[in-house]
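In case you want the letters, here they are:
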Amino acid sequence: MIQYDTDMPLQEHFSEECGVVGVYNNGDIDTMAMYFALHALQHRGQESAGMAVTDGKKITYCKHTGLVGSVFTEARLNRMKGGKAGIGHVRYSTEGFNTSVNAQPLVASYAGGELAIAHNGTLLNTGKLCRQLKENGAIFQTQTDSEIFLHLIAHYSPKGIVEALRKMTEDIKGSYALVVLTKDRLYGARDPFGIRPLCLGKKGDSYVLASESVALDALGAKLVRDIAPGEIVEIGPQGIESFSIFEDNRTLPAGMCLFEYVYLARTDSIIDGIDVMGARVRAGKELARVAPVEADLVAGVPDSALSAAMGYSVQSGIPYGDALIKNRYVGRSFIQPEQSLRELAVRMKLNALKANVEGKRVVLIDDSIVRGTTSKRLVDMLKGAGAKEVHLRISSPPVTYPCYLGIDTPSKRQLISSSHTVEEIRRMTGADSLCYLPLDNLIRAVRNGTELGFCTGCFDGGYPMDIKACRSKGCRNFHK
């Protein structure tokens, strides 16, 4: 019998840590417009937001807990007008450490002037670096590992910011998409494996860096390319220059997070040359090939599984329709102390469409099953609305390992697929059948003929680096 920890949160999907944006304004994009770019990246972090801008002499910043629309009032946005360059950030953190002091960008004074950074990703050797920096006199002001970047860049800055970023990457282990702001320059950097996304756009003579291309769309900028794994870009009066993190220009095998295409990224984004919606549709088609079933309706769990459901419908010939309606005015669910209240919270977000499902055999497509609790409630909801059968189809493999490289995931003991068979999970959810998309099929669907490499750690433990060797005992200062 499968038992659940009654104190588990409602969250059934993974949560992205952060989204970043940077603008260098040559007269085409006012830095205040980063507000719209951050709105486009809101799905990557919903607990705090911030912006920092420079007028060429000093950096002004604003950051606080809350959604982008609530953090930036008209008065605060007016302070961001007319800047020469700026960076912005939306953040997701673990509960208890969502405070304004941990909101980004992080801004500090150092020997070379002022510096601001915004980071998406996770450092594995935070504890070791924290102790070393403290022994050398560093004083930490936040509880986020992103502050490590500030201290290391400042430490190596006498050789210039580009060289400081190069030296810094020799010390840190983990994932990062980083934007850095000085009084007259904008920098971007991506870890050597390219685990977290970062792209470059242009509008007129102005440049934009962002976690996803949808942020460029919001500013009317054209996607130029993705920042390559292990690449540093410097944007200033001279235009844009590119450097390798490694002085010998070597490259490492790419390890882009595969889960970006499954769930994390917005459907209308393009990441490393692959359109996210197309990847999800192709995954749905693959799922229909490997896991067919006789049914009357194919439906997706809103919103990230809708594209895969469309693909399943096209490949199988089963009509596509809505089975669940999402309440778009409900934000993140609170962790409720009582089981009955948690179940009500699910119903606040999703409701079965009885007119579409009554008396029908429904194929319900979801992108993943993490803990399994939400899947059970959705099956119960559809059957309560009169569905004759509910067949669960998952457009990714079973999630069996935690992510250590930038996504908030439960511990392995809370990942239902790490300790239970597919049949056990099917019985628990109450589904009439349950099938997952095999990893090879998912990779083929996403890759679509390209040679892009992926981090598949959460599915098979195939991380692009030795996690155990890289991790160090944590410093109490830091939490994600």
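Residues numbered from 1 in each chain as written. Predicted model: local features only at pLDDT ≥ 70, side-chain atom pairs only at ≥ 80, totals over all residues. Heavy atoms only, no water.

(A) Inspection of the side chain of Thr-142 at higher detail. With respect to the secondary-structure elements, Thr-142 resides in the loop between helix H4 (126-135) and helix H5 (147-156). The buried category is assigned to Thr-142, whose relative accessible area is 8%. Of the polar contacts made by the side chain of Thr-142, one reaches the backbone nitrogen of Thr-144; its length is 3.4 Å. Here Glu-147 takes part through its side chain, which lies 2.8 Å from a polar atom of the side chain of Thr-142. (Helix = DSSP H or I, 4+ residues; strand = E, 2+ residues; numbered from the N terminus. Buried < 20%, exposed > 50% of the residue type's maximum accessible area, 1.4 Å probe, protein only. Polar contact = N/O pair within 3.5 Å; in protein donor to acceptor, adjacent residues only side chain to side chain.)

(B) Region of the structure containing the sheet that holds strand E7 (residues 113-123). In space, the six strands of this open sheet follow the order E6-E7-E8-E9-E13-E14, with antiparallel pairing throughout. The open sheet has two edge strands, strand E6 (106-110) and strand E14 (239-244), and neither has a second partner. Each adjacent strand pair in this sheet contributes to an overall mean axis angle of 20 degrees, direction not counted. Both strand E13 (residues 231-236) and E14 contribute to a ladder of six bridges, which runs antiparallel. Paired with Ile-235 across the two strands is Ile-240, which belongs to E14. (Pairing = 2+ DSSP bridges. Axes fitted to C-alpha atoms, helices over the stretch in contact; angles between N-to-C directions.)

(C) Highlighting empty space enclosed by the protein. Here the structure, examined in full by the defined rule, presents two cavities of 30 Å³ or more. There is about 90 Å³ of room inside the largest cavity. Per-element accounting of the lining of the largest cavity gives the leading share, three residues, to helix H16 (residues 457-460). In terms of residue class, the lining of the largest cavity is built from twelve nonpolar, one polar and one charged. As a volume, the second largest cavity reaches approximately 60 Å³. Around the second largest cavity, the lining residues are Tyr-261, Val-262, Ala-279, Arg-280, Ala-283, Ser-304, Ala-308, Ser-395, Leu-442 and Val-446. Looking at the lining of the second largest cavity residue by residue, the class counts come to seven nonpolar, two polar and one charged. (1 Å grid on protein atoms, 1.4 Å probe; cavity = no way out; pocket = protein on both sides within 12 Å on 5 of 7 lines; lining within 4 Å. Points joined across faces, edges and corners; volume = space filled by probe spheres on them. Nonpolar A, V, L, I, M, F, W, Y, C, P; charged D, E, K, R; others polar.)

(D) Broad picture of the side chain of Ser-395. Tracing the chain through its elements places Ser-395 in the loop between strand E22 (389-394) and strand E23 (407-408). Look at Ser-395 and you get buried, because its relative accessible area is 5%. Residues contacting Ser-395, with those up to four places away along its chain left out, are Ala-283, Leu-287, Ala-308, Asp-366, Asp-367, Leu-437 and Leu-442. (Contact = heavy atoms within 4.5 Å.)

(E) Main features of the packing of aromatic side chains. Considering all chains together, one arrives at seven aromatic pairs under this definition. A ring pair is formed by Tyr-35 and Phe-36, whose centres lie 5.3 Å apart and whose planes are at 80 degrees; its orientation type is edge-to-face. A ring pair is formed by Tyr-35 and Phe-72, whose centres lie 6.3 Å apart and whose planes are at 85 degrees; its orientation type is edge-to-face. Highlighted residues: Tyr-35 in helix H1 (residues 34-40) and Phe-72 in the loop between helix H2 (68-71) and helix H3 (74-78), separated in sequence by 37 residues. (Phe/Tyr/Trp six-rings, centres within 6.5 Å; stacked < 30°, edge-to-face > 60°.)

(F) Focus on the packing of helix H9 (residues 276-290) against helix H10 (residues 306-316). One way to put it is that H9 packs onto H10 with a least axis distance of 6 Å and a crossing angle of 45 degrees. When the axes of H9 and H10 are compared, the pair comes out oblique. The crossing of H9 and H10 is right-handed. Across from Met-277, Arg-280, Val-281, Gly-284, Lys-285, Leu-287, Ala-288 and Arg-289 in H9, the residues of H10 making contact are Ser-307, Ala-308, Met-310, Gly-311, Tyr-312, Val-314, Gln-315 and Ser-316. Of the residues assigned to the contact of H9 with H10, the class counts are eight nonpolar, five polar and three charged. (Parallel < 35°, antiparallel > 145°, perpendicular 65-115°, else oblique. Left-handed = near helix turned anticlockwise from the far one by under 90°.)

(G) Broad picture of the pairing of strand E8 (residues 174-181). Of all the eight residues making up E8, eight are buried; the element is thus mostly covered by neighbouring parts of the structure. Here E8 shows a buried face lined by Gly-174, Tyr-176, Leu-178 and Val-180 and a second buried face lined by Ser-175, Ala-177, Val-179 and Leu-181. By the bridge criterion, eight bridges tie E7 to E8 in an arrangement that is antiparallel. Residue pairing for E8: His-119 is matched across the bridge by Leu-178. In this structure, E8 lies alongside strand E9 (residues 186-190), joined through five bridges in antiparallel fashion. By the bridge assignment for E9, Leu-178 is matched with Ala-189. Linking E8 to E9, which pair antiparallel, is a turn of four residues.

(H) Representation of H9. Taking 1.5 Å as the rise per residue, H9 with 15 residues should run 21 Å; its terminal C-alpha atoms sit 21 Å apart, in good agreement. In terms of burial, H9 is a largely internal element, eleven of the 15 residues being buried. Turning to H9, its buried residues are Val-276, Gly-278, Ala-279, Arg-280, Val-281, Arg-282, Ala-283, Gly-284, Glu-286, Leu-287 and Ala-288. (Expected span 1.5 Å × (residues − 1).)

(I) Seen up close, unusual backbone geometry. Residue Pro-105 follows Gln-104 across a cis peptide bond; omega there is 10 degrees. Take Pro-105: it is sitting in the loop between strand E5 (85-91) and E6. Of note, the amide linkage connecting Pro-302 to Asp-303 takes the cis form, showing an omega dihedral of -5 degrees. Its place among the elements puts Asp-303 in the loop between strand E18 (297-300) and H10. Residues other than glycine seldom take positive phi values, yet Asn-448 does so here, at roughly 55 degrees. In this fold, Asn-448 is placed in the loop between helix H15 (439-447) and strand E25 (454-455).

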